[in-house]
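Architecture and fold: a report
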Protein chains: 2
Amino acid sequence: MLELERDSLFKMDDIHDISKEELRERTMEKFRSMLYHLQNESVETFKRRMSIVSIVDPGFWTRFGVHYGLFVGALQSNATPGQLGYWFEKGALGLNHFIGCFAMTELGHGSNVPGLETTAIFDEAADQFILHTPTLTATKWWIGGAAHSATHAAVFAQLIVHGKRYGTKCFVVALRDPKTYQLLPGITIGDIGKKMGRDGIDNGWIQFTHVRIPRGHMLQKHTKVSRTGQVKEPKLQQLTYGALLQGRVTMVADSGHFSKKALSIAIRYAAVRRQFASSHANGIETKLLDYPIHQRRLMPLLAQTFAMLFTGTEMTDMYNIMMSHLDGAKEGDEDLEGVIEMLKETHATSAGLKAFCTWHCLSIIEQCRQSCGGHGYSAYTGLAQMYQDFAVQCTWEGDNTILTLQLGRYLINSYREALRGKQLSPGVGYLNRLDELLHTQCQVNQLEDILSPEIIIEGWQVVCAHSVRKAGIEFEACLEQGMDIDDAYEHCSQSRLYAAKLHSFGYLFHRFADGVSKTSGDLYDILIKVCLLYGLYSIEENAGAFLEYQYFTPPQIEFVRSSVNRLCKQVRDQAIPLVDAFNLSDYVINSPLGRRDGNVYVHYFDQVKRSNPQGQHPYFDRLIKPLIQREMNEGLDEDEQAGLESESDEE
Amino acid sequence: MLELERDSLFKMDDIHDISKEELRERTMEKFRSMLYHLQNESVETFKRRMSIVSIVDPGFWTRFGVHYGLFVGALQSNATPGQLGYWFEKGALGLNHFIGCFAMTELGHGSNVPGLETTAIFDEAADQFILHTPTLTATKWWIGGAAHSATHAAVFAQLIVHGKRYGTKCFVVALRDPKTYQLLPGITIGDIGKKMGRDGIDNGWIQFTHVRIPRGHMLQKHTKVSRTGQVKEPKLQQLTYGALLQGRVTMVADSGHFSKKALSIAIRYAAVRRQFASSHANGIETKLLDYPIHQRRLMPLLAQTFAMLFTGTEMTDMYNIMMSHLDGAKEGDEDLEGVIEMLKETHATSAGLKAFCTWHCLSIIEQCRQSCGGHGYSAYTGLAQMYQDFAVQCTWEGDNTILTLQLGRYLINSYREALRGKQLSPGVGYLNRLDELLHTQCQVNQLEDILSPEIIIEGWQVVCAHSVRKAGIEFEACLEQGMDIDDAYEHCSQSRLYAAKLHSFGYLFHRFADGVSKTSGDLYDILIKVCLLYGLYSIEENAGAFLEYQYFTPPQIEFVRSSVNRLCKQVRDQAIPLVDAFNLSDYVINSPLGRRDGNVYVHYFDQVKRSNPQGQHPYFDRLIKPLIQREMNEGLDEDEQAGLESESDEE
């Protein structure tokens, strides 16, 4: 962190007052120093560096990630070993005469990759593909790095050979002459312009007009096209999807990291800001953080952040294990069916968690911002920009609603498999105990016994079992009515969404409780409170499900509500140490309201003065002077009749 | 609207690409044309004009409103007739050598007006007040118009006469020489700088260093200070608060208006955008709006918008009636107690609704933005800026959480009065039927009968009665434990908040149902569906309360859920006519995705190209060329040992 902070290129405290153009230029400037680190430190160190960069400067992180994450990732997933070597040799590995971008989405097509319109037609005579944008809606859109940075693009287009369509494949297409950055023939590129956030990245649009590339520029790890136009498709298309999940997995962890940053600001500010005098405090105003309602605003969010952090770690592990098995499967020494099962689970889990966590993180940022009152609206507090930068995570790498539905689909499917007696993977294992769970009610001798991870886990399993079953029954009723599978899934989409949402709540709590159970001593004592707070708060938020499915009775739900109040107070007592434990430096937090020393007003005032030096009045002479020193009664002439004598009605 | 659209100053389609400095200057430029209209058209016409301006250009609306709303409003509320005449004569009415601002909030003090630190000490010898900023946190902060516009400020400061404090009063203080705009002696002003939104307004900070003003510059409609320092305080301080509610009342209506704009964009886009092919449509992709899940995303928001529009009208009427009675009361020919009752009700209702509606509107804007997928992240879609501009409404004129708690306090108070047999005003009249409601369950012969405004109204009254009573009981228990009133209210703040939230849901539905009942024919047929959708959707969202208080059974709640699905589909069939009925022109909507002609891609592409003309590469030579054409292996020297021979271990 210190290195970043000392690097003048990574100066962040003036970030709110520079233009999009300056921001883009500065963002490009950082490439060189980051490349130096990439080439001179271990992968682990570099990953840690990038994870800090991602919360310090998400725009740069994205821009750098377009080449090394998306473009190189596309090569790794889709190129044969020989092709990979070729492009690395050509400069893709070290940015030598080469910067890549990732051209998947189109103006008219986002989530539906098979529906992309761009065509890649094989010309056998020339042994080339012809890339072409046939319509306006086929224009490649949102392509990060296209406007100003990239020399090459990984283009997703419809493979057409001898008139036959083979679906969307990936092609490397040169866009610019690396010597001059002039566009190559047939390439039209424009700037997407201003965005909600992450303006440091130069998103662009691209149109291809009959652009010819050698046959070898189609990445042929999976589907192969021979010299004579023979197309060989892979047997197990599924196995190619693994790498695509990486982004989603990262975003689960990211949600925890951005929430940490937002809460560091809001909680530190609330520990300093005083408002309204208590009647017995000699006129000294009360700290925001000492108000029960302010604890209610922030402590559940803090608990949720811990839940996301534990889940992010678990999700990353699950992904890494899956990927290592997947590699084994490709090499042939793994149980293929088991690996596919694992892939499905990782796919559905990461889809659901990406959606769930990014939505919650976005909401946490906004709630933190609002909890800072008026100062939350100042750009210098940093939470507004954080919101704007983060918001895209709810859309990219899969629209959150669509991803949640994918998890819902997996749940319905798992439910049906469980009915057929199949042993499910752990995350949905509760569906194997359906009969038991459907008749389970909370059994406690006294209300206090509800304050237990086991009870909460059981409660979530019960409501999840009910809601998944309900979606499953609805789905099967649709099939019985003669709908096809896709229509049936569409028809029960609301139930799917609801089941997936409940499942994710339960999943996060389970991960959190598991994580806490591995700690001990003082750490355990505080984390278990945070964990219970998360569990009970999320039950309160979904009280309808717990009452409808009769896991809890109304008095038990009332107990849950009052316990959340009590736990908020208890967690508040540890809130500052918990935030300090996030260990984000003032540089990373980049907000005067979140300063570790608590001297928020002085830092805030300094920042505002430094960022807005006073000079000449910018437009007094041109605008204000003529306005307020104008002759009176302008506009309509005062003597409206222009000399005309008025006729009296009385005459 | 046409006038605005034709006024080149009100050009809005380049708004996303101009700098804060340009935006501020352009915003100031509009003053003159608006002033012309103010002076040459009826109040009604001008109000309509401003209500359109508010959704076209909220930054300008705020800046203009600072003078005519806040400053002139402060005069009207606090000045004696003679003082009012003096300041109008001096130029405050027509902006002659005069622009006012409203200096209430301080760096360390927002919601707690009695806690402001700025002092106004009476100097009897000189017959002057000395305005002073004693600390950093006393710096006037967020003052709209202070940075570049205002000549005078209405300053709220602690009145101190002969050493005794009399609380916060309002003083007019000259800030700048209107001829030169030089700051006057003792005045220090700075620019607050970049904000989340509304950058067209020049918020500033102000510090006073022993600034002397004549005694007559204290506005003395209520509290009077004589030549010898005799302070005469008003008998009924309460009666002075009426005018302060205007802003909140406006924001209830505003929430409906901004929601209309957001939904016009999201629904029109969803009617054009196609995604994923249905299996029986020959590969033609399905419109987003035809997906049940997309209907679920947008139709309840449309219903909520109608609820806010009906409620906004009702709230405005309530306010106007209250104000006319208040004027009567001041003149002495009104039942004073009745008027105070009315004032209390209007105060609490407007506080609760301001919070409820601005929160929901902000959420609607964001949900609309996300429903546009990736394109929602483009600035040109307009929803990002709309969010950023609107967000402040959740904080200014009373932080939403605090306002919601005020409504909660009123509800507890009403509950206790009802127990003592008092007849309550209509909005909380259900608390007079507490015993009956606490034992009411939904009585229907068949589930279909739930689809009735009467049942929904009753249901809301039941859950509100329960939740208010619960908060009331908690409050009284605190009193019995010996807490003072303020502590008792703090202690039960979560129950207050919850009761107030439920009350607001019920209140909106009631207003909506009342409004619809006055329509007939086709209009009734469609609006009743929208109304039922809002009612059932809001029940679904609060299913926990309806189940906990046993108004509905679990099967009835399931019926509510499935009915929401059905109603979404029915309202979707009328969604385009409903949006067209909002009658917002393309100019007002200012989003290519919301174009009435449905030709969204062409307009969007045009906008992006127009806003981002291609020129020379801005930084190829400086940054990219040296990066990608660099010598290889920079950084650590390749020959790290610098000629040193390696010692072999084997020697």
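Labelled according to an unreviewed UniProt entry, chain A appears under the name Acyl-coenzyme A oxidase, originating from Rhizopus stolonifer. Reading the Sequence similarities (unreviewed entry) entry of the UniProt record for chain A gives the comment "Belongs to the acyl-CoA oxidase family." Under the Subcellular location (unreviewed entry) heading, UniProt states for chain A: "Peroxisome".

1. Section: the environment of Arg469(B)
Relative to the elements of secondary structure, Arg469(B) occurs in helix 12 (residues 453–480). Note: C-alpha distance between Arg469(B) and Arg420(B) (49 residues apart in sequence) is 14 Å.

2. Thoughts on the UniProt feature "active site" (unreviewed entry) in chain A
Residue and element names in this part refer to chain A. Mapped onto this numbering, the UniProt entry annotates "active site" (unreviewed entry) at Glu397. Its place among the elements puts Glu397 in the loop between helix 9 (383–390) and helix 10 (400–419). Residues in contact with Glu397, not counting those within four places in the same chain, are Leu70, Leu244, Gly247, Arg248, Met251, Lys354 and Leu403.

3. Structural notes on the relation of the copies chain B and chain A
Mapping chain B onto chain A calls for a screw motion: a turn of 180° about the axis and a shift of 0.0 Å along it, with 0.0 Å RMSD after fitting. Taken together, the rotation and translation describe the operation of a two-fold axis. Residue Gly544(B) of chain B places its C-alpha closer to the rotation axis than any other residue of that unit, at 1.8 Å. Interface overlap between copies: 100% of the residues of chain B at the interface are likewise at the interface in chain A, consistent with a symmetric, same-surface contact.

4. A look at the domain arrangement of chain A
Residue and element names in this part refer to chain A. In terms of domain boundaries, chain A breaks down into domain 1 (1–224) and domain 2 (245–582). Taken over C-alpha atoms, the centre of domain 1 sits 33 Å from the centre of domain 2. Across the domain 1/domain 2 interface, buried area totals approximately 1,400 Å², and carbon plus sulfur atoms make up 60% of it. The largest contributions to the domain 1 side of the interface with domain 2 come from His16, Ile55 and Arg198, which together make up 44% of the buried area. Applying the counting criterion to the domain 1 and domain 2 interface returns zero salt bridges. Inspection of the domain 1/domain 2 interface yields five residue pairs in polar contact (both at pLDDT 80 or more).

5. Some thoughts on the pattern of salt bridges
With the rule as written, the count across this model stands at 71 salt bridges over all chains. In this structure, Asp199(B) and Lys194(B) form a salt bridge, with 2.4 Å as the shortest nitrogen-oxygen distance. Using a relative accessible area of 9% as the deciding quantity, one classes Asp199(B) as buried. Ionic pairing is found between Arg409(B) and Asp486(B), a salt bridge with its closest N-O pair at 3.5 Å. Residue Arg409(B) is found in helix 10 (residues 400–419), and its partner Asp486(B) is found in helix 13 (residues 485–491); the two are separated by 77 residues along the sequence. Relative accessible area serves as the criterion here: at 34%, Arg409(B) is assigned to the partly exposed category. One network of salt bridges, in which partners are shared, links Arg296(A), Glu540(A), Glu558(A), Arg561(A), Lys470(B), Glu474(B) and Glu548(B).

6. Here we look at the interface of chain B and chain A
Listed as interface residues are 130 residues of chain B and, on the opposing side, 131 residues of chain A. Surface buried jointly by chain B and chain A totals about 11,100 Å² across both partners, of which 56% is contributed by carbon and sulfur atoms. On the surface where chain B and chain A come into contact, there are 12 salt bridges. A salt bridge links Arg561(B) to Glu548(A); its shortest N-O distance comes to 3.2 Å. Where chain B touches chain A, the interface holds 62 residue pairs in polar contact (both at pLDDT 80 or more). No other element matches the 11 residues that helix 2 (residues 20–40) of chain B contributes to the side of chain B that touches chain A. A class-by-class count of the residues in the side of chain B that touches chain A yields 56 nonpolar, 42 polar and 32 charged.

7. Examining the packing of aromatic side chains
Tallying each qualifying case throughout the model produces 53 aromatic pairs over all chains. Ring geometry for Trp87(A) and Phe98(A): centres 6.1 Å apart, planes at 65°, overall edge-to-face. Of this pair, Trp87(A) sits in helix 5 (residues 81–92) while Phe98(A) sits in the loop between helix 5 and strand 1 (100–103); the two residues are 11 residues apart in sequence, bridging distant segments of the chain. The exposure classification of Trp87(A) matches that of Phe98(A), with both residues buried. Judged by centre distance (5.9 Å) and plane angle (55°), the ring pair of Phe605(A) and Trp141(B) falls under tilted. Linking Phe605(A) in helix 20 (residues 600–611) with Trp141(B) in strand 4 (residues 140–143), this pair reaches from one chain into another. Overall, the relative accessible area of 0% leaves Trp141(B) in the buried class. Among the aromatic residues, those joined into a cluster by ring pairs are Phe10(A), Phe31(A), Phe46(A), Phe60(A), Phe64(A) and Tyr68(A). For Arg511(A), the ring lying beneath its charged end belongs to Tyr507(A), and the centroid distance is 4.3 Å. Residue placement shows Arg561(A) over the ring face of Tyr498(B); its charged tip is 4.5 Å from the ring centre.

8. Here's the deal with the confidence of the model for chain A
All names here are of chain A. With 95% of its residues at a pLDDT of 70 or more, chain A shows a mean pLDDT of 93. Here residues 634–638 scores under 50 on pLDDT; set against residues more than four positions off or in separate chains, the count is five contacts. Reported for the predicted complex are a pTM of 0.96 and an ipTM of 0.95.

9. Things to note about the sheet that holds strand 8 (residues 204–208) of chain A
All names here are of chain A. What the three strands build is an open sheet, ordered 4-8-7; its pairing is antiparallel. Either end of the sheet is taken by a strand with one partner, and the two such strands are strand 4 (140–143) and strand 7 (187–191). If you compare each strand with its neighbour and ignore which way they point, the axes differ by 25° on average. Relative to strand 8, strand 4 runs antiparallel, the two sharing two bridges. Each residue of the ladder has a partner; that of Lys140, found in strand 8, is Ile206.

10. Digging into the side chain of Glu106(A)
Residues and elements named next belong to chain A. Inspection of the secondary structure puts Glu106 in the loop between strand 1 and strand 2 (119–123). Residue class for Glu106 comes out buried when judged on its relative accessible area of 2%. Separated by 2.6 Å, the side chains of Glu106 and Thr118 make a polar contact.

11. Here's the deal with the packing of helix 3 (residues 43–56) of chain B against helix 4 (residues 58–78) of chain B
A pair of packed helices can be characterised by two numbers: the angle between their axes and the separation between those axes. Residue and element names in this part refer to chain B. Closest axis-to-axis distance for the helix 3/helix 4 pair is 6 Å, and the angle between their directions is 130°. Between helix 3 and helix 4, the interaxial angle falls into the category oblique. Listed contacts from helix 4 to Phe46, Met50, Val53, Ser54, Ile55 and Val56 of helix 3 are Pro58, Phe60, Trp61 and Phe64. In terms of residue class, the contact of helix 3 with helix 4 is made up of nine nonpolar, one polar and no charged.

So, how was this worked out
- Residues numbered from 1 in each chain as written.
- Chains lettered and ligands numbered in written order.
- Predicted model: local features only at pLDDT ≥ 70, side-chain atom pairs only at ≥ 80, totals over all residues.
- Heavy atoms only, no water.
- UniProt positions renumbered as here; feature names shortened; annotations may be inferred.
- Helix = DSSP H or I, 4+ residues; strand = E, 2+ residues; numbered from the N terminus.
- Contact = heavy atoms within 4.5 Å.
- Least-squares fit on C-alpha atoms with pLDDT ≥ 70 in both.
- Domains from an automatic or database assignment.
- Buried area = accessible area lost by both parts, 1.4 Å probe.
- Salt bridge = Lys/Arg side-chain N within 4 Å of Asp/Glu carboxyl O.
- Polar contact = N/O pair within 3.5 Å; in protein donor to acceptor, adjacent residues only side chain to side chain.
- Buried < 20%, exposed > 50% of the residue type's maximum accessible area, 1.4 Å probe, protein only.
- Nonpolar A, V, L, I, M, F, W, Y, C, P; charged D, E, K, R; others polar.
- Phe/Tyr/Trp six-rings, centres within 6.5 Å; stacked < 30°, edge-to-face > 60°.
- Lys NZ or Arg CZ within 6 Å of the ring centre and 35° of its normal.
- pLDDT = per-residue confidence, 0-100.
- Pairing = 2+ DSSP bridges.
- Axes fitted to C-alpha atoms, helices over the stretch in contact; angles between N-to-C directions.
- Parallel < 35°, antiparallel > 145°, perpendicular 65-115°, else oblique.

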